Amino acid sequence: MQPVFTIMLTASPLGRLLVATTAHGLAAVFLGDDDSSLVAALRTTFSTASIHVGDEPLAAATAITAYLRNETDLPPLPLDLSAGTPFQQRVWRALQTIPRGSTRTYGQLVRDLGLPITAARAVGRACATNPLAIVVPCHRVLGADGKLHGFRWGIERKRALLALEGVLLPEG
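The structure displayed is predicted, hence computed values, not measured ones.

What counts and how
Residues numbered from 1 in each chain as written. Predicted model: local features only at pLDDT ≥ 70, side-chain atom pairs only at ≥ 80, totals over all residues. Heavy atoms only, no water. Helix = DSSP H or I, 4+ residues; strand = E, 2+ residues; numbered from the N terminus. Rg over C-alpha atoms; globule rule 2.2 N^0.38 Å. Buried < 20%, exposed > 50% of the residue type's maximum accessible area, 1.4 Å probe, protein only. Contact = heavy atoms within 4.5 Å. Areas by Shrake-Rupley, 256 points an atom, 1.4 Å probe, with all protein chains shown as cover. Lys, Arg positive; Asp, Glu negative; His and termini not counted. Charge placed at Lys NZ, Arg CZ, Asp CG, Glu CD. Domains from an automatic or database assignment. Buried area = accessible area lost by both parts, 1.4 Å probe. Polar contact = N/O pair within 3.5 Å; in protein donor to acceptor, adjacent residues only side chain to side chain. Nonpolar A, V, L, I, M, F, W, Y, C, P; charged D, E, K, R; others polar. Salt bridge = Lys/Arg side-chain N within 4 Å of Asp/Glu carboxyl O. Phe/Tyr/Trp six-rings, centres within 6.5 Å; stacked < 30°, edge-to-face > 60°. Axes fitted to C-alpha atoms, helices over the stretch in contact; angles between N-to-C directions. Parallel < 35°, antiparallel > 145°, perpendicular 65-115°, else oblique. Core = buried A, V, L, I, M, F, W, Y, C linked by side-chain atoms within 4.5 Å.

Observations concerning the overall build of the chain
Right, so step 1: Per the secondary structure count, the chain includes 6 helices and 6 strands.
Right, so step 2: For the chain, whose C-alpha radius of gyration is 16 Å, the value lies close to the compact-globule estimate of 16 Å for 172 residues.
Right, so step 3: Taken over the C-alpha atoms alone, the chain extends approximately 45 × 35 × 25 Å along its principal axes.
Right, so step 4: Evaluated residue by residue, the chain yields a buried proportion of 47% over its 172 residues.
Right, so step 5: Excluding contacts between residues fewer than 6 apart, the proportion of contacts in the chain whose partners are at least 24 apart in sequence is 57%.
Right, so step 6: Of the roughly 8,700 Å² that the chain leaves accessible, carbon and sulfur atoms contribute 54%.
Right, so step 7: Each charge class in the chain can be summarised by its mean position, and for the 16 positive and 13 negative side chains these summaries are 9 Å apart.

In structure tokens form, the structure reads like this:
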């Protein structure tokens, strides 16, 4: 059965924001520069989904935008992570345990998951394919050197998200 998404596109402090929900919960949060690229990325990521633009603002979009404006903490939101593999879902659940204002390295995340260090690339790939920016906080994962490395939505957005959370990063 193909998933049915209701989407909302809106402005945010980090550019355009796409929020997609299903009957089961929040399924995608994408950041970008323009609506057409965000919708195209959603169609690529969820190629079998039926996508409908919502008639009314989605509560999740309102909550995420308020969070990005530093007006409130992000409330618990029901999530629909059914698109991920069991391994990806395991990594995404582990990401959700990293508190706001904290970071982990990929190696620490691998150890937290009880995996051999050789799994670091697979964990990194699961982070890169996370469809729920901000809500599943892959931006809180740093390289072994404690510096920013890769972020699906751009390094400057990752830096801004961490700054919003009060994380001070080393220079350079």
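Now that the structure is up, let's keep going.
Re the domain arrangement of the chain
Right, so step 1: The domain boundaries assigned to the chain delineate domain 1 (4-69) and domain 2 (86-165).
Right, so step 2: If you average the C-alpha positions of domain 1 and of domain 2, the two centres end up 21 Å apart.
Right, so step 3: On the domain 2 side, the residues contacting the 15 residues of domain 1 number 14 residues.
Right, so step 4: Taken together, the two surfaces of domain 1 and domain 2 that pack against each other cover about 1,300 Å², and 67% of this comes from carbon and sulfur.
Right, so step 5: On the domain 1 side of the interface with domain 2, the three residues burying the most area are Leu14, Leu31 and Tyr67, jointly 48% of the side's total.
Right, so step 6: Where domain 1 touches domain 2, the interface holds 7 residue pairs in polar contact (both at pLDDT 80 or more).
Right, so step 7: The element contributing the most residues to the side of domain 1 that touches domain 2 is strand β3 (residues 25-32), with 7 residues.
Right, so step 8: A class-by-class count of the residues in the side of domain 1 that touches domain 2 yields 11 nonpolar, 3 polar and 1 charged.

Observations concerning the pattern of salt bridges
Right, so step 1: Evaluated as defined, the whole model comprises 7 salt bridges.
Right, so step 2: One salt bridge in this structure joins Arg100 and Asp73, with 3.6 Å as the shortest N-O distance. Taken as a pair, Arg100 in the loop between α3 (86-95) and β5 (104-105) and Asp73 in the loop between α2 (59-68) and α3 lie far apart in primary sequence, 27 residues in all.
Right, so step 3: Judged by relative accessible area, which is 31%, Arg100 ranks as partly exposed.

A word on the packing of aromatic side chains
Right, so step 1: For the structure shown, the criterion picks out 2 aromatic pairs.
Right, so step 2: Between Phe5 and Phe46, the aromatic rings sit 4.8 Å apart at their centres with planes inclined by 75°, giving edge-to-face as the arrangement. You can see Phe5 sitting in strand β1 (residues 4-12) and its partner Phe46 sitting in the loop between α1 (35-45) and β4 (50-53), a full 41 residues away along the chain. Pair check on accessibility: Phe5 and Phe46 agree, each one buried.
Right, so step 3: Between Phe30 and Trp153, the ring centres sit 4.9 Å apart and the planes meet at 35°, which makes this aromatic pair tilted.

A look at the packing of α3 against helix α5 (residues 120-128)
Right, so step 1: Interhelical geometry of α3 versus α5 gives an angle of 80° and a closest axis separation of 9 Å. Put simply, α3 runs roughly perpendicular to α5. Here Phe87, Gln88, Val91, Trp92 and Leu95 of α3 lie close against α5, whose contacting residues are Ala122, Val123, Ala126 and Cys127.
Right, so step 2: For the contact of α3 with α5, the class distribution of residues is 8 nonpolar, 1 polar and no charged.

A few points about the nonpolar core
Right, so step 1: Ranked by size, the top nonpolar core spans 53 residues in total, and within it Leu42, Ile64 and Leu95 carry the most contacts.
Right, so step 2: Here Ile64 is in contact with Leu17, Val19, Leu26, Val29, Leu74, Leu77, Ile134 and Val135, once residues within four sequence places are set aside.

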